[in-house]
Each structure stands twice: as C-alpha cells, then as structure tokens.
Amino acid sequence: MERLLPQSEREEGVFEVTIDAADVTISKEVLYRALGYSDNRIDPHFKDIVDHVLAGIHDLCAVRAGYRVLDAHVKADRGEGLVVGRTFITTGCTIAGQLKNAEKAALFLCTIGPGMEAWSRRLFREGDPVRGHFVDTAASLAAEKAAAVLHDHIGLVMAGGGLKVTNRFSPGYCGWPVADQRRLFSFFPENFCGISLTESALMVPVKSVSGMIGIGAHAMRENYSCERCSRKECTASRAYKNSAPT
Amino acid sequence: MNELVETIGRCVERGKINKASPFPGDMKGLDGADELTHQALEAGTDAEAILQACIAAMVRIGEKFGRNEVFVPEMLMAAKAMKAVTEHLKPFFQSGSVQAKGTFIIGTVAGDLHDIGKNLVSMFVEGNGWNVVDLGVDVKPEKFIDAIRKQPKCVVGLSALLTTTIVSMSKTVQEIRALFPSINIVVGGAPLTMEIAKEMGANGYARDPQGAVRWLAAIREAS
Ligand code: B1M
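If you're wondering where the values come from, they're calculated on a predicted model, not measured in any experiment.

**Q** Talk me through the domain arrangement of chain B; I want residue IDs and the actual numbers.
**A** All names here are of chain B. Segmenting chain B into domains produces domain 1 (2–95) and domain 2 (103–222). Taken together, the contact pairs 14 residues of domain 1 with ten residues of domain 2. Between domain 1 and domain 2, the buried area comes to about 980 Å², and carbon and sulfur atoms account for 75% of it. When residues of domain 1 are sorted by the area they lose upon contact with domain 2, M58, M75 and L76 head the list and together hold 34% of the total. Inspection of the domain 1/domain 2 interface yields one salt bridge. A salt bridge links K83 to E126; the shortest N-O distance between them is 3.5 Å. At the junction of domain 1 with domain 2, the criterion picks out one residue pair in polar contact (both at pLDDT 80 or more). Mapped onto the side of domain 1 that touches domain 2, the elements with two or more residues apiece are α3 (47–66) and α4 (72–95). Here the residues of the side of domain 1 that touches domain 2 sort into ten nonpolar, one polar and three charged.

Written out as structure tokens, the structure reads:
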C-alpha cells in the first residue's frame, strides 16, 4: 500500500521520513518462504516460533529512514557510473545503464535499529539458536521492507512534481562495489538516521540498507537485469531468476 | 548396531532433543536424545558407539540440507539434540575413553559483526565431533594467534560477510601464517569463492557448514 509519509528536513535537501514499525511487518508466509519453506509445509513448533517472533517485531523495530535528492546524469564517455551532484559514483555499467534516463538521483539510508539484532544475539547466547535464527531472518526481511516503503514514498514525492523513479540499487549489488558506501555516506550528515559506517564499510546497526534511486520524467521501474549477470552467488539474482516466467 | 543406539542417532537426525521438546511434531511426547543417551549409558552401552552413531546422524542431516530437503532450522535442532548427547558423554571425553576429532578455532574477522553464519558452522562442526572454540565476532588477528598458541594442533576457521571485510580476512590469514606456517585455515562466508580463498593463502574454502565438516574430515584423513 503506497502512501505519502510524514517527512522533515534535517538539513538542506536531506529528509528524514517517519516510517512506523507497523509499516515493516511481514506476513507469516513471507517468513516461512525466507526460512526455506516455500510450500508452507513447516513443523507446528516452527510455526509457533514464527508467531512469537512476528509478535515481537512491532516493539523491537525502530525504523529510521531518509534520503537526499541531487542532480544526476550518466556521462556518455564514462558509462561505468554517473555523476551525482559533483561526485562521480562508480556504480558499474549495469546500474548506469538502468539509470540512463535519470535527471536526478535519490540517495537513501534506512535501518530497523539494533533491537532485533540484539534479541537474536541474546537467543543464541541463551541456547535457543532456532528462535535466534528466525528473529535474524525476520529482521532482514523487515530491513528490506523498510527500504521498499521508503522507495514507494520517494516515488510519491517525485510524482507530485511530475517525475518518475527507477528501481533501487545498493552498493554491493549489480557490480557497484561495497567500498563505495563511504562515498554514499559522504552525502549525509554524520550518524544520519542513527547509522554509522565501520572502517570496513559495514553499516551499524547491521540491519540497514543503503542505495540510490534514479529520478526523471522518463525514468521507469523495470525488471532487474539479472539474466545478464553471471554472479551465481547473488541471492537477489537467484530469487529473480526463480520467479521469472519461463 | 544396538537398537537403542540407533534410536539415539535417529533422534539426533530428526532434532528430537528430549521428551519435553515438541519438535518434531510426529515424535511429540516420546523420549529424546537426552533421555535415551542416559538410558543407554546406564545399560552399559559403549560411549564411543553412541558418539559414532550420532556423528553419522549429523552427516545424514547435513546431506539432506545439501539436497534442500531440510533447512537451517532442522540443522539447528539436530545440533541441539547432538549437544544433549555430548553433555552425557562429557565424563568419557574427560577420561580420554572418547576423543574429539580435534580442535576447531572459529571467529568472524576484525571489522565484521556478522555472527549467524559463523554460529551455524560452529554448532555443526561441534556436532560432528570436534572441540570448538568460538572467538565471536570482530576478532583481531592477535586473538586468533593467542587461541592458536593454546591449541597448536588446531584447525582455524574464518568467516566474513562483505567483500570489504575480505581484506581483514587476508590480513588475518597472513599474520597467522607468519607465526604458524603449517596450520590449516578454512574460510567461508557469502562473498568468498575458492579462488579468493587460494589467493589469500587459506588452505580451504567451505560454502556452508556441511562443506566445512567435509573439508575438516578430508584434512584429518590426509594427516
Ligand atoms: C570457516 O568456514 C566457514 C564456512 C562456511 C561459512 C562461514 C565460515 N561463514 C559463513 N559460512 C556459510 O555458512 C553459513 C550457513 O549456511 C552462511 O553464512 P551467512 O552469514 O552467509 O548466512 C546466514 C546464515 C544467512 N544469510 C544472511 O543472513 C545473508 C543473506 C543475504 C541475502 C543478505 C541479507 C539477508 C541482508 N543484507 Co546483504 N545480504 C547478503 C546475503 C546474500 C547471501 N547469499 O548470503 C549479502 C551478504 N549482502 C550484501 C550486501 C552488499 C549488503 N547487504 C546489506 C544489507 C542486508 C539486509 C539488512 C537487508 C539483510 C541482513 C544482513 C545481515 N547480515 O544481517 C548491506 C550491508 C549491511 C551492513 N550492515 O553493512 C549491503 C551492503 C547492501 C546495501 N548497500 O545496503 C552482499 C555482499 C556482497 C559483497 N560484495 O560484499 C550479499 C552477498 C548479497 C549479494 N549481493 O549477493 C554461509 O555464508
């Protein structure tokens, strides 16, 4: 369900969006599938754990999300990335290709906070690894859902100005190096949305997502071009290929 | 094989920890690995026979996992059932009548905070008869080195989840190698491949916990 969410300007052009924990709840079926049980054939004990974990999400997810919109264009002579503001970002050809119609780009960050992570860790420590694993998986799904909700919100804000948005892309996917996280973070105030980067470009809290969305009059959300990518280990690609009609 | 020992193995494979455990649904209310191991030892069953049956059970569940017939939760339940058995076998390990396959020191490398994958490997390797020393996450090379000094015959496992932490993993391998040239090191985690593992000087790469167990079995056989 797409709806415009409340947002406030933290500093010039940098917006923080209010996303409620209820907006990132996930269904049992989605969690079953993420745990491997795609046909819903799951032991009753595991079903009970799923119910317990999903009941806890609301209290433990403290979602924070924000974005910044800048002018952007793919330079014809440098097809492996795009210029955002005054910075050249080496996204790789795949993402640059998908953003070729973009006139602007929204850089974004979002997190569900440290609560779920801490819960999972505690369960492992206390000798309940199954529940700990379920909590961790649910937290990952909630973080991805937060990114999806933010994406929809940015789409609606842009639609207000007659613009459309592309898919969202993240450092670490489709050939965009994870090391570029540092460049992406440089567009935001320090500790924006409570997210910081470690020396090795890891976001803390762990259940966080960063990325970029193209914006333009002719921008489009289209299929990811996973069929052209050879990275067998990418789960996003595997999920895409498995769901693609044959 | 003694029928009771076989049933203990089945409990481990199915993840039936004890009578109170509601998992798996079709074994609800039955005795589990905990009660049956107690009964078997009381009846004078050889501890080594129990251990071997359970290790075989862990291999079977690992194979099912490799074939996507079961998933991480079933593996974790099996590892917990195995732990219930090894609790009873502790006195036999201490007396030396039953022996661990070796010591496996594992940790997520410095700069990386991911622990779920590493925990799974750790539990599964332990369930396969190894003594595991889990150093946690964000482990600096010095901490690995200190642990190796205490267990010089150990095998080392390193985990990482992002390409950016592979740099830290390489550094850890190099620092360990400089002091312990012949130590066996296996690496794993989502961004790794066999080629990357070789480049950084690790002896092996494991894609999943089962792969780590297979690799450990192979180096044990070779030594
Ligand atoms: C010693 O011997 C051994 C042997 C085997 C060993 C071992 C040691 N250690 C591990 N293993 C192995 O056995 C375990 C059990 O099977 C496995 O351990 P894992 O820890 O891998 O497995 C866990 C039990 C379950 N697996 C997971 O929890 C990770 C699954 C995937 C899909 C994934 C998820 C869910 C998430 N992520 Co993201 N994520 C991916 C993952 C893709 C994948 N194929 O794994 C990966 C790891 N992520 C990636 C990226 C890029 C990112 N993620 C991010 C975010 C997220 C979510 C928050 C949405 C979520 C949670 C992340 C988390 N770690 O908690 C970001 C980083 C987050 C941060 N804190 O910095 C972000 C940087 C994206 C962004 N810009 O926002 C990719 C890394 C690629 C790279 N180049 O480094 C990635 C491989 C996806 C891809 N592109 O294919 C094996 O790896």
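**Q** Residue-level account of the packing of aromatic side chains, with values.
**A** The tally for this structure, following the rule as stated, stands at six aromatic pairs over all chains. Between the aromatic rings of F46 of chain A and F23 of chain B, the centroid separation amounts to 4.6 Å while the plane-to-plane angle is 25°, which identifies the pairing as stacked. Here the residue F46 of chain A occupies a position in helix α2 (residues 44–60), and F23 of chain B occupies one in the loop between α1 (3–14) and α2 (33–42), the pair thus bridging two chains. These aromatic residues form a ring-pair network of at least three members: Y37, F46 and F134 of chain A together with F23 and F71 of chain B.

**Q** Which residues make up the interface of chain A and chain B, and what are the values?
**A** Taken residue by residue, the interface counts 26 residues in chain A and 24 residues in chain B. Both faces considered, chain A and chain B share a buried interface measuring about 2,100 Å² in area, 71% of it formed by carbon and sulfur atoms. When the buried surface of chain A facing chain B is broken down by residue, F124, S200 and L202 of chain A rank first, second and third, together holding 23% of it. A salt bridge links D115 of chain B to R121 of chain A; its shortest N-O distance comes to 3.1 Å. Counting across the chain A and chain B interface gives seven residue pairs in polar contact (both at pLDDT 80 or more). Of all the secondary structure elements, the ones that give two or more residues to the side of chain A that touches chain B are α2, α4 (115–125) and α5 (129–159) of chain A. In terms of residues, the side of chain A that touches chain B owes the most to one element, α5 of chain A, which gives six residues.

What counts and what doesn't
- Residues numbered from 1 in each chain as written.
- Chains lettered and ligands numbered in written order.
- Predicted model: local features only at pLDDT ≥ 70, side-chain atom pairs only at ≥ 80, totals over all residues.
- Heavy atoms only, no water.
- Domains from an automatic or database assignment.
- Contact = heavy atoms within 4.5 Å.
- Buried area = accessible area lost by both parts, 1.4 Å probe.
- Salt bridge = Lys/Arg side-chain N within 4 Å of Asp/Glu carboxyl O.
- Polar contact = N/O pair within 3.5 Å; in protein donor to acceptor, adjacent residues only side chain to side chain.
- Helix = DSSP H or I, 4+ residues; strand = E, 2+ residues; numbered from the N terminus.
- Nonpolar A, V, L, I, M, F, W, Y, C, P; charged D, E, K, R; others polar.
- Phe/Tyr/Trp six-rings, centres within 6.5 Å; stacked < 30°, edge-to-face > 60°.

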